[in-house]
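Results of the structural survey
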Amino acid sequence: MAKDTPQTFYLKDYTPFGYDVESVHLTFRLSPETTRVLSKIRFAPKADAADKTFFLHGEDLQLISAKIDGQEVAPEVTDKGLSCDVPGAPFTWEAEVEINPAGNTALEGLYMSNRMYCTQCEAEGFRKITYYPDRPDVMSTFTVRIEGDEPVMLSNGNPMGHGEGWAEWHDPWPKPAYLFALVAGDLVNHPGQFTTKSGKVVELNIWVRPGPDEGKCAFGMEALKKSMTWDEEVYGLEYDLELFNIVAVDDFNMGAMENKGLNIFNSSCVLASPETSTDANFERIEAIIAHEYFHNWTGNRITCRDWFQLCLKEGLTVFRDAQFTSDMRSEPVKRIEDVITLRARQFPEDGGPLAHPPRPEEFQEINNFYTATVYEKGAEVIGMLKRLVGDENYYKALKLYFERHDGQACTIEDWLQVFEDATGRDLQQFKLWYSQAGTPRVKVSEEYADGTYTLTLEQSTPPTPGQPDKAPRVIPMAVGLLSPNGDEVRATEVLELTEAKQSFTFDGLAAKPVPSILREFSAPVILERDTTNAERAFLLAHDTDPFNRWEAGNALAKEVRLAMVLDGAAPDGAYLDALEKLVRDDDQDPAFRALVLSPPSQADIAQTLFERGYTPDPQKIYDAAETFTQTLAQQLETSLPRLYAATTVEGPYAPDADSAGKRALNGRILSLLTRLDGGEQAARQYAAADNMTQQYTALAALMKAEKGDAQSQAFFDQWNDDRLVMDKWFALQIACAAPQKTAATAAALTNHALFDMKNPNRFRAVFGALAGNHAGFHHASGEAYALLAENLIALDKLNPQTTARMCAAFQTWKRYDAGRQSLIRARMSRIAGAPGLSRDTNEMITRILDA
């Protein structure tokens, strides 16, 4: 299909496949460039099917032969698949195809990664393996035979047998093709074992390449066991196979994939050791392992009917992994971190040209909808639903969901129906969260008279592409009230905002209260309320809700920075005093203090300026950030040495939450101290560090202060043979570069001997860091725009999926001045006009350009 007329798929056009797939048998004869795939599939026509067209998806396949019930047939083949006349009764389809795993740089289907065969089939990669109805509502059991000379050959389910040059696997649980997996290569396993609550013993393995990776599996294995225990204890869900395998793969477009019984992980998301991984790496690995394991029920046993329903499995599973991390670590800190991420990634998406509902109505390329809206906002929707119905009803509804829909491919309607049936509550208005794009604004006004406090809430949602008008949604607003002396006079109460404008009253108050609104960030909305820095400081000191305490401090920091950018004001002394008092309070959670010491991002300041009608100047925002941080360091000068010593973790490294929280605060203190002592303490920490968190933190502090050239070279010399640590090194060079040097630094790194465009982790390390350096990426020269555009054009020929996702770096272009807009538009137009542009990238860049 021509690039200028891409096919658009619509939710309203859904039609079930006209055939049941009763069984699937696959044989793989592995060869790097000429793998043969033999399929034997039993089809049965559905008696009630409205459309019995027999069409099998297939891309980049060489058809060798096709048979129906043993007889050769000549199907009509296109670049999208094949069609064929078939019997009106059950029949057996057989096909033999040839594929080229070594030439598959898109990393979809069957491909090679460091001489290892591996697969990625979600969303539509299976069609690059063989001809098949590659859609999530077609579920069947799979039996797989793998033939080749690889020492280890794995697939889904349970092992059926193996011998010299072959292995057979059978998955007894019906699954869609996107959950198919195959891995073959020279691998060694880190074994483990788990006994389920019913007494079944499950063998566990993490498979890696021989060598250093063997020593990086222990934490991942323990995280897997914790996940299995937690899912049994909290949701009552037990694992259902004899074996659970994880394989670490270097070249992978995503974080990990929940293939039934054979999870395939980006190596960065499963391999960890104290020497090579930071605290943040450990926490992320723990969460991702949990996420993929939890998919066994919320995604595998119950999957989605079509890809429009993607948030059904992803939103629910993200919510579950957030629950898990909250239980394993700190619930308030986890909530704050999740909201920071949501505001940084999803809010800009919801307010820009890429806005779409959690369940979109249309798409051209489904890979472009693995977004923060589907994942993170999808999880927020689940959280609101749980808050509205209560914990008991939530788990009651989930129990019904698993009982009613096990083995099915479901829709958002199915999901909400179990909640209606379990609770008796009408959720039709709540369903708007799934169909409406955009972040709601909630405007707050208030009155107090004669002991009665009235809170008036007014909701509105700005227009988004294709949705100019929005109906009021159900918004759970968690509210508490504080007295003027800081005591809580009303505990948290969830107010249900269901109308465009609604008032709520609180009686029997002795004085006008200070409201604490949107506690625990009870809904993904933007709160609009006229208030003062004095009130924000009051809430920072007295609010009993940890999230709103942090929120008050964050809002204070933002107002101070905005005044510096707009008016050239000096950093507010009262805020600095409040910050110093909190940071020095050893009774406060170190992780919380570390978050309070982390100012709003420069991109956040830019977005706030834009929303208030100003055109953000990236250089001024950067200068204000530098001035504020330097002033804060000077304010804390006498306290920093004591704080650094008090937060230094002694003894052997452990990635537990308490130690990680102390190290996070210690790192913030060190970055401030480095501004005053010329890097002396950071250099000592770097030299003495016995774990990556301390080493990396010290290196970052030194490089940011332009004092770390020697340590950066030493780091490279020490770790240049460890690809995951080198990703950190590449990213850090760009993240710490001054704005005027950012593009040149990134350009030089693309010519580095260790830069490999074909490796998604390395490409993201460089260009993710480039886009994340706000002032550097948006430098007035436009050099960073040009560098990213040229590299996206080159990458698109190799890996369209990664290219398309990186295009999102341009999505906020409309908030900047005319000069920068012109530079960005020119670069996006160049991408859009590139010969042979993929469908993935074409859709993304066109949507952004059409803003």
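With that out of the way, let us pick up the overall build of the chain. Along the backbone of the chain there are 27 helices and 31 strands. Whereas a compact globule of 851 residues would reach a radius of gyration of roughly 29 Å, the chain reaches 28 Å, a difference of no more than 12%. Over its C-alpha atoms, taken along the principal directions, the chain stretches across nearly 85 × 65 × 60 Å. For the chain, with 851 residues in total, the buried portion stands at 58%. Once local pairs closer than 6 in sequence are excluded, the contacts in the chain between residues at least 24 apart make up 70%.

On to unusual backbone geometry, then. With an omega dihedral of 10°, the bond running from glutamate 122 to alanine 123 counts as a cis peptide bond. You will see that aspartate 60, though not glycine, has its phi angle at about 60°, which is positive. Looking at the secondary structure, you find aspartate 60 in the loop between β4 (55-57) and β5 (62-68).

Another point: the pairing of strand β29 (residues 501-506). Along β29, the buried face is formed by Gln502, Phe504 and Phe506; none of Lys501, Ser503 and Thr505, which line the opposite face, is buried. Note: strand β26 (residues 452-460) against β29, six bridges, orientation antiparallel. Looking at the pairing, threonine 456 lines up with serine 503 of β29.

A few words now on the pattern of salt bridges. Applying the stated criterion to the full structure yields 58 salt bridges. Here arginine 145 makes a salt bridge to glutamate 147, at a shortest N to O gap of 2.7 Å. The partner of aspartate 604 in a salt bridge is lysine 558, and the shortest N-O contact between them spans 3.2 Å. Within this pair, whereas aspartate 604 is found in helix α13 (residues 602-611), its partner lysine 558 is found in helix α10 (residues 546-567), the two being separated by 46 residues in sequence.

Packing of helix α21 (residues 739-750) against helix α22 (residues 760-772) leaves a shortest axis separation of 10 Å and a crossing angle of 175°. Between α21 and α22, the angle falls in the class roughly antiparallel. For the pair α21 and α22, contact is made by Thr742, Ala743, Ala746 and Thr750 and by Val766, Phe767 and Leu770, respectively. Classifying every residue of the contact of α21 with α22 by side-chain character gives five nonpolar, two polar and no charged.

Here the focus is the sheet that holds strand β31 (residues 526-529). Pairing is mixed in the open sheet, where four strands are placed in the order β29-β26-β25-β31. The open sheet has two free edges, formed respectively by β29 and β31, since each of these has just one partner strand. Ignoring which end each strand starts from, the neighbouring axes of this sheet average 25° apart. When strand β25 (residues 441-449) meets β26, the two strands line up antiparallel, connected through nine bridges. What sits directly across from valine 442, in β26, is glutamine 459.

In spatial order, the strands read β28-β27-β30; together these three strands make up an open sheet with antiparallel pairing. In the strand order of this sheet, the two ends are held by β28 (488-497) and β30 (514-517), each with one partner. Taken over all neighbouring pairs, the strand axes of this sheet differ in orientation by 25° on average, direction set aside. Sheet analysis places strand β27 (residues 475-482) next to β30, joined by four bridges and oriented antiparallel. Paired with leucine 481 across the bridge in β30 is proline 515. Of the strands in this sheet, β27 and β30 touch helix α9 (residues 533-542), which is tilted by about 70° from β30.

It is worth spelling out helix α7 (residues 412-423) at this point. An α-helix turns once per 3.6 residues; consequently, residues spaced three or four apart project the same way. Its 12 residues give α7 an end-to-end C-alpha distance of 17 Å, which sits within 8% of 16 Å, the value for a rise of 1.5 Å per residue. Of all the residues in α7, the buried ones are Ile412, Trp415, Leu416, Val418, Phe419, Glu420 and Ala422. Contacts made by the buried residues of α7 are with α3 (310-328), α5 (372-389), α6 (391-405) and α8 (432-435). Phi turns positive, to about 75°, at glycine 424, one or two residues after α7.

Attention now goes to the state of the cysteines. Summed over the entire model, instances satisfying the criterion amount to zero disulfides. Note on cysteine 269: no disulfide assigned, nearest cysteine sulfur contributed by cysteine 217 at a separation of 14 Å.

Contact geometry for helix α2 (residues 279-294) and α3: axes closest at 9 Å, N-to-C directions at 135°. Considering their axes alone, α2 and α3 lie oblique with respect to each other. For α2 against α3, the interelement crossing comes out right-handed. Contacts between α2 and α3 involve Glu283, Glu286, Ala287, Ala290, His291 and Phe294 from the former and Glu314, Thr317, Val318, Arg320, Asp321, Phe324, Thr325 and Met328 from the latter. Of the residues belonging to the contact of α2 with α3, the class tally is six nonpolar, three polar and five charged.

This next bit is on the packing of aromatic side chains. The full count for this structure, using the stated rule, is 49 aromatic pairs. With centroids separated by 5.7 Å and ring planes inclined at 75°, the aromatic side chains of tryptophan 297 and phenylalanine 402 adopt a geometry described as edge-to-face. Taken together, the residues tryptophan 297 in the loop between α2 and β22 (303-304) and phenylalanine 402 in helix α6 connect sequence positions 105 residues apart. A single burial state applies to tryptophan 297 and to phenylalanine 402, both of which are buried.

Turning our eyes to something else, we now look at the side chain of arginine 663. Here arginine 663 shows up in helix α16 (residues 657-677). Contacts of arginine 663, omitting those with residues within four sequence positions, involve Asp279, Thr647, Val649, Tyr653, Ala654, Pro655 and Thr693.

With that settled, the discussion passes to the pairing of strand β12 (residues 140-147). The sheet contact formed by strand β2 (residues 19-29) and β12 spans six bridges and is parallel. Bridge pairing in β12 places phenylalanine 28 opposite isoleucine 146. One ladder, built from seven bridges, connects β12 with strand β15 (residues 166-175); its direction is antiparallel. Bridge pairing links serine 140 to lysine 175 in β15.

Spanning 15 residues, α6 covers 21 Å between terminal C-alpha atoms, matching the ideal 21 Å at 1.5 Å per step. Within α6, the full set of buried residues consists of Tyr394, Ala397, Leu398, Tyr401, Phe402 and His405. Down the axis, α6 shows its buried residues gathered within 135° of arc, on one side only. When the buried face of α6 is taken as reference, the exposed residues oriented beyond 90 degrees from it are Glu392, Lys399 and Glu403. Contact partners of the buried residues in α6: α1 (218-235), α3, α5, β24 (409-410) and α7. Positioned one or two residues after α6, glycine 407 has a phi angle of 85°, which is positive.

About the thresholds
- Residues numbered from 1 in each chain as written.
- Predicted model: local features only at pLDDT ≥ 70, side-chain atom pairs only at ≥ 80, totals over all residues.
- Heavy atoms only, no water.
- Helix = DSSP H or I, 4+ residues; strand = E, 2+ residues; numbered from the N terminus.
- Rg over C-alpha atoms; globule rule 2.2 N^0.38 Å.
- Buried < 20%, exposed > 50% of the residue type's maximum accessible area, 1.4 Å probe, protein only.
- Contact = heavy atoms within 4.5 Å.
- Pairing = 2+ DSSP bridges.
- Salt bridge = Lys/Arg side-chain N within 4 Å of Asp/Glu carboxyl O.
- Axes fitted to C-alpha atoms, helices over the stretch in contact; angles between N-to-C directions.
- Parallel < 35°, antiparallel > 145°, perpendicular 65-115°, else oblique.
- Nonpolar A, V, L, I, M, F, W, Y, C, P; charged D, E, K, R; others polar.
- Expected span 1.5 Å × (residues − 1).
- Disulfide = S-S within 2.5 Å.
- Left-handed = near helix turned anticlockwise from the far one by under 90°.
- Phe/Tyr/Trp six-rings, centres within 6.5 Å; stacked < 30°, edge-to-face > 60°.
- Arc of directions from axis to C-beta.

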